[in-house]
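# Observations on chain architecture
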Amino acid sequence: MSKPIEKVMSAPEAVEKFVNDGDHLIIGNYTVGTCMELVFEIIRQGKKGFTLYSQSGILDVELLVAAGAVERLVATYVLRSGGRNGGSAVERALQDGSLQIEDYTNYNYNARLMAGMHGFSFMQVFEGIMVTDLFKKRSFMGEDKYRVIKCPYTGKDVVTVPAANPDVCIVHVQRADKFGNAQYWGAIGSVPAAALASKRIIITCEEIVDTEIIRSSPHHTIIPAFRADAVIEVPWGAHPTEVVGHYNQDKLMWGLFIMAAAGGKRLQAWMDEWVFNCQDRQAYIDHYVERFGSGRLQKLVAKPLYSAPANYGSAFHSTWDANGKDRGTGLTMEEIENLLEERGLLHD
Amino acid sequence: MTKKYTLDELLIIAVAREIHDYDNVILGIGLPTTAGALAKALHAPQANLMMEAGMIDFEPVIPPNHIADVMACKGYACATDLFTAFTMTYRGFVDICFLGVGQIDKFGNLNTTSIGDYYKPDLRLPGSGGAADFISYSKRTILTMRGGEFVEELEYFTSPGYLGGGNERDRSGLFPQGSGPTKLITQKGIFEFDPVTKEIVLASIHPRISVKDVQKDVPWELKISETLAETKPPSDAEINFIRDFAPAAAMGRALATEVGFANLIKELEAREKIQ
């Protein structure tokens, strides 16, 4: 008897196995619950040459760009730290020519993933974009950033964006089972689309739970097991960003990071301390507690606020009633078999 | 005699007053989130507050950190995705949205992407995010500016206002008729757009600010409304709401950061003493 495939492994193992130099890499999370441990591990392993997709790339993009891992960036929103006199790793990399960027709007970016997720070659976007520099100024995608076609039904010009099917998605969720059924709730953003558009999916979660829990709340599942490649249980895996139901954004760490991002050397020092000198998330959290105390961490822990359970019940569980009669025919199994024999419908 | 107020408070309150009861409202990052909470608490209890991360009809309990901050909400009525939040806007269901301004030209076109050569920028700003799509298809758009600038020519065209002015936006056929920026609110005044030329016009000026103060920031001869009014000062109820709900917003970014850090350092020093 075959069994479902278990995909539980460590973050180093998953990154080693499923992330390659030169990949199109997508950050699955949008603004919240960022897959920080996977970002850290990719940097620790020195993977590079990525075309990076991030819808709202603050920590994730800044760190990967500062690590020199990104050649091309597809984004809608990047960090600017410290106003006019500040800066960012993205700004510095654009200025020194080591990074190319393709700017989209939130909707345009998401539309590329929607097309990719559903297997279409393009998606229609809103025509107003044609008057803007997002449409007119193109970087490494050139003509293929947007193309205009005639709608066969209305005859109007329709702006399209090409499908995106990144090689690998890294994503953090609240819970998953060991087979890769991943459940996420809160700000949906583009999270399911980013994961499902991708060829490979690496999932970190706050907790690995029994499949029974997944099956009793399937509306929370954004990635079905058959699409998942790796599952890693990483408590605090998104810190200093927040995970609904687990912990809030850590404004202290966030603030330290944002201040560091304004200058190249400061950001490098931040990365030395928190990425390179911490071999995994446990070491990172231990170091945090050592620096700032466990009280600060505990203050971030979420108080529970449960959604009302949804009733998935039905009138009966099988086709047979309490007396062993089929509900539709009113016959027992024996009577059905006799009837089939009588009518000459059974074969040896 | 009403309470004294800060310019940040005045700005937030002016924004909040643009939200009407029963409006479908898209709130962006920063001060609009506080303005939305204020409107819902004081004058527009049935406003439907939404964010582009897909939260619809949320009840804010604390000021959201960003546009995907469900932890700042006491529940919300519908969790949809970003794609749907935008297609709802495209179909005309959004009454009002708010955008921050990096650079703005005479006709309300915006740059929030870059200063200098786009490919090798002097300053790389955050980018479009949802801005270009929202200002394209929301029925009304309120612009807010803190630290941005008026320019003759944008260095990058991120979000469409009235294009070259006049009826160019409506004529283009790319946008819903009559859409476009409705007002620009700054710490000095409230601007509207001329109904015919679509040029920006100073409509209301905050107390203790002179027209000269406003003109100073504008590199062309600013049109002044014939009915130029003084902005109605905030009420005590409005001021108290902001100070209670979002004290950091009342203080403004610089002071809030200063005070926040001082508090943090105090806390860390106290910890070292204990050890």
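All figures in this text were calculated on a predicted structure; none of them were measured in a lab. Residue positions are given per chain, counted from 1 along the sequence in the order it is written. Following the order in which they are written, the chains are lettered starting with A and the ligands numbered starting with 1. Note on the predicted model: pLDDT of at least 70 is required for a residue's local features to be given, and 80 or more for side-chain atom pairs to be given and counted; whole-chain, interface and lining totals, by contrast, use all residues.

### Examining the overall build of chain A
Segments assigned H or I by DSSP are reported as helices when at least four residues long, segments assigned E as strands when at least two residues long, and all are numbered from the N terminus. Check the secondary structure of chain A and you find 13 helices and twelve strands. Seen along its three principal axes, the alpha-carbon backbone of chain A occupies a region of about 90 × 60 × 35 Å. Counts of 20 or more other C-beta atoms within 10 Å of a residue's own C-beta define buried residues, counts of 12 or fewer define exposed ones, and intermediate counts define partly exposed ones; C-beta atoms are placed from the backbone. When burial is assessed residue by residue, chain A has 47% of its 348 residues classed as buried.

### Some remarks on the overall build of chain B
Scanning chain B from terminus to terminus reveals nine helices and 15 strands. Dimensions along the principal axes, computed over C-alpha positions, put chain B at roughly 65 × 50 × 45 Å. For chain B, the proportion of its 275 residues judged to be buried stands at 49%. Placing a C-beta atom from the backbone of each residue, one calls two residues in contact when those atoms lie within 7 Å. Long-range pairs, those at least 24 residues apart, make up 64% of the contacts in chain B between residues at least 6 apart in sequence.

### Description of the packing of helix α1 (residues 7–16) of chain B against helix α2 (residues 31–42) of chain B
Residues and elements named next belong to chain B. All axes are obtained by fitting lines to C-alpha atoms, using only the stretch in contact for helices, and the reported angles, taken between N-to-C directions, cover 0 to 180 degrees. Between α1 and α2, the least distance of the axes is 8 Å, while the angle of their chain directions is 60 degrees. As judged from the angle between their axes, α1 and α2 are oblique. Like other packed secondary-structure pairs, α1 and α2 cross with a definite hand, here right-handed. Taken together, the residues of α2 that come into contact with α1 (itself represented by L11, I12, I13, V15 and A16) are L31, P32, T34, A35, L38 and A39. When its residues are assigned to classes, the contact of α1 with α2 shows ten nonpolar, one polar and no charged. Roughly parallel covers angles under 35 degrees, roughly antiparallel covers those over 145, roughly perpendicular covers 65 to 115, and oblique covers all other angles. Should the near helix be turned counterclockwise from the far one by less than a right angle, the crossing is left-handed, whereas a clockwise turn marks it as right-handed. All amino acids are sorted into three groups, where Ala, Val, Leu, Ile, Met, Phe, Trp, Tyr, Cys and Pro are nonpolar, Asp, Glu, Lys and Arg are charged, and the leftover types, Gly among them, are polar.

### Let's talk about the domain arrangement of chain A
Either an automatic procedure or a domain database provided the assignment from which the domain bounds are taken. Domain boundaries in chain A define domain 1 (11–121 + 163–299) and domain 2 (314–348). For domain 1 of chain A versus domain 2 of chain A, the distance between C-alpha centres works out to 54 Å.

### Details of the sheet that holds strand β6 (residues 147–150) of chain A
Strand pairing within a sheet occurs via backbone hydrogen bonds; the two strands may be parallel or antiparallel. Residue and element names in this part refer to chain A. Here the rule is simple: two strands pair whenever DSSP picks up at least two bridges between them. Pairing in this open sheet of three strands is antiparallel, and the strands run β5-β7-β6 from one edge to the other. Across the chains shown, the open sheet's two edge strands, defined by having one partner strand only, are β5 (122–125) and β6. When the angles between neighbouring strand axes are averaged without regard to direction, this sheet yields 45 degrees. Pairing analysis gives four bridges linking β6 to strand β7 (residues 157–162), with the strands arranged antiparallel. In the sheet register, I149 faces β7, and the bridge partner there is V158.

### As for the interface of chain B and chain A
The interface of chain B with chain A comprises 46 residues on the first partner and 47 residues on the second. Of all the secondary-structure elements, those providing two or more residues to the side of chain B that touches chain A are α3 (82–90), β9 (123–124), α4 (131–137) and α9 (253–274) of chain B. Residues that form the side of chain B that touches chain A fall into these classes: 26 nonpolar, 14 polar and six charged.

### Observations concerning the sheet that holds strand β11 (residues 149–150) of chain B
Residues and elements named next belong to chain B. A sheet is described by the order of its strands in space; here three strands give the open sequence β7-β6-β11, paired in mixed fashion. Where the open sheet ends on each side, the last strands, each with one partner, are β7 (110–111) and β11. Both strand β6 (residues 103–104) and β11 contribute to a ladder of two bridges, which runs parallel. Each residue of the ladder has a partner; that of Q103, found in β11, is E149.

### Considerations on α1 of chain B
Burial within α1 of chain B is extensive, with nine of its ten residues counted as buried. The set of residues buried in α1 of chain B consists of D8, E9, L10, L11, I12, I13, A14, V15 and A16 of chain B.

### Here we look at the environment of D177 of chain A
Residues and elements named next belong to chain A. Secondary-structure assignment places D177 in the loop between β8 (168–176) and β9 (182–183). Distance from D177 to A225, taken between C-alpha atoms, is 8.4 Å for residues 48 residues apart in sequence. Not counting residues up to four positions away in its chain, the partners in contact with D177 are I208, V209, D210, T211 and I214.

### Considering the nonpolar core
Buried Ala, Val, Leu, Ile, Met, Phe, Trp, Tyr and Cys residues whose C-beta atoms connect them within 7 Å together make up a nonpolar core. The biggest cluster of nonpolar side chains holds 170 residues, and the ones touching the most others in it are L64, V171 and I203 of chain A together with I12 and V15 of chain B. Those residues in contact with I203 of chain A, other than ones at most four positions away along the chain, are V171, V173, A176, G180, A182, I223, A228, A230 and V231 of chain A.

### Here's the deal with helix α9 (residues 251–261) of chain A
Every buried residue belonging to α9 of chain A is among L252, M253, F257, A260 and A261 of chain A, and all of these are buried. With its buried residues spanning 165 degrees around the axis, α9 of chain A presents them on a single face. The arc in question is formed by the directions pointing from the helix axis toward the C-beta atoms.

### Considering the environment of I202 of chain A
Residues and elements named next belong to chain A. Position of I202 relative to the elements: it lies in strand β10 (residues 200–208). Residue classification places I202 among the buried positions, given that 30 C-beta atoms sit within 10 Å. Taking the C-alpha atoms as reference points, I202 and R296, 94 residues apart in sequence, are found 30 Å from one another. Setting aside residues up to four positions removed in sequence, I202 forms contacts with A14, F18, L38, V168, I170, D229 and A230.

### Quick notes on the packing of helix α1 (residues 11–18) of chain A against helix α2 (residues 36–44) of chain A
Residues and elements named next belong to chain A. Taken N-terminus to C-terminus, the directions of α1 and α2 make an angle of 65 degrees; their axes are 10 Å apart at the nearest point. Both α1 and α2 take part in a crossing whose hand is right-handed. Each of A11, P12 and V15 in α1 lies in contact with α2, whose residues at this interface are E37, L38, E41 and I42. By residue class, the composition of the contact of α1 with α2 is five nonpolar, no polar and two charged.

### Regarding unusual backbone geometry
A cis amide bond links H239 of chain A with the next residue in sequence, P240 of chain A, at an omega value of 10 degrees. Along the chain, the position of P240 of chain A falls in the loop between β12 (230–233) and α9. Although it is not a glycine, W236 of chain A sits at a positive phi angle of roughly 60 degrees. A positive phi is found at Y22 of chain B, a non-glycine position, where the angle reads about 70 degrees. Overall, Y22 of chain B belongs to the exposed group, with 11 C-beta atoms counted inside 10 Å.

### Points about the pairing of β8 of chain A
Residues and elements named next belong to chain A. Of all nine residues in β8, nine are buried; the element is thus mostly enclosed. Bridge count between strand β1 (residues 24–27) and β8: three bridges; the pairing is parallel. Its bridge partner lying in β8, I27 is registered against I170. The sheet contact formed by β8 and β10 spans eight bridges and is parallel. Bridged to V171 within β10 is I203. Summarising the sheet, β8 and β9 pair through two bridges and their orientation is antiparallel. Bridge pairing in β9 links A176 to A182. Where β8 hands over to β9, the hairpin turn is made up of five residues, of which G180 adopts a positive phi near 110 degrees.

### Section: the pairing of β1 of chain A
Residues and elements named next belong to chain A. Relative to strand β2 (residues 50–54), β1 runs parallel, the two sharing three bridges. Looking at the pairing, L25 lines up with L52 of β2. By convention, orient the strands away from the viewer: a clockwise path from the first strand over the helix to the second makes the crossover right-handed. For the crossover that starts at β1, traverses α2 and ends in the parallel β2, the hand is right-handed.

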